[in-house]
Amino acid sequence: MHVTDLLRLLALDPADLKPAPDRPATQQDAAARLGPTPGPVSCVACGTPARSTRIIDAPEHGRRWLDLCRDCMLATADRGRPAVPLADTVAVLRAAAEEAGVAVRVLVDPPRGA
């Protein structure tokens, strides 16, 4: 999801987000920012304790921390198409089951509109 769309969906003004470092963030940076569970950082969208953080490049505001709770993070997760065709994913599952000696039946929802 594009940063502008993400901010609009969460009704956030990028000027209200905390500035982030110019260097790439590490997992240690994120862990330090979030602190122990529940951490000292609140979700910028709803105010509950944040469970995830990342740096976004907000237009005209530069790099900013985007701290989100679990629900807001899931609500804004990119739900684009899978990176591989569904048939390839099913084939991998079948091969793994066969290798493990397990009998499986893979059920797949029909495509929308079918």
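In this report, we go over the structure that sits alongside the text. Model, not experiment: these values are computed from the prediction.

### Examining the pairing of strand β2 (residues 62–68)
So, step 1. Along β2, 5 of the 7 residues are buried, which leaves the element largely enclosed by surrounding structure.
So, step 2. Bridge count between strand β1 (residues 52–58) and β2: 7 bridges; the pairing is antiparallel. Bridging from a neighbouring strand, I55 pairs with W65 of β2.

### Some words on the side chain of T53
So, step 1. Positionally, T53 belongs in strand β1.
So, step 2. Here D67 takes part through its side chain, which lies 2.4 Å from a polar atom of the side chain of T53.
So, step 3. Excluding residues that lie within four positions of it along the chain, T53 makes contacts with A30, R33, L34, W65, L66 and D67.

### Some details on unusual backbone geometry
So, step 1. Phi is positive for A11, close to 55°, though the residue is something other than glycine.
So, step 2. On the accessibility criterion, A11 (69% relative accessible area) is exposed.
So, step 3. Even without being glycine, E60 reaches a positive phi, approximately 70°.
So, step 4. Examined against the element boundaries, E60 turns out to sit in the loop between β1 and β2.
So, step 5. A residue is classified by how much of its surface remains accessible, and E60, at 82% relative accessible area, is exposed.

### Some words on the side chain of T76
So, step 1. Relative to the assigned elements, T76 resides in the loop between α3 (70–75) and α4 (86–100).
So, step 2. Engagement of the side chain of T76 in a polar contact is seen with the backbone oxygen of M73, the distance being 3.2 Å.
So, step 3. Residues within four places of T76 in sequence aside, it is in contact with M1, L6, L9, L10 and L68.

Conventions and cut-offs
Residues numbered from 1 in each chain as written. Predicted model: local features only at pLDDT ≥ 70, side-chain atom pairs only at ≥ 80, totals over all residues. Heavy atoms only, no water. Buried < 20%, exposed > 50% of the residue type's maximum accessible area, 1.4 Å probe, protein only. Helix = DSSP H or I, 4+ residues; strand = E, 2+ residues; numbered from the N terminus. Pairing = 2+ DSSP bridges. Polar contact = N/O pair within 3.5 Å; in protein donor to acceptor, adjacent residues only side chain to side chain. Contact = heavy atoms within 4.5 Å.

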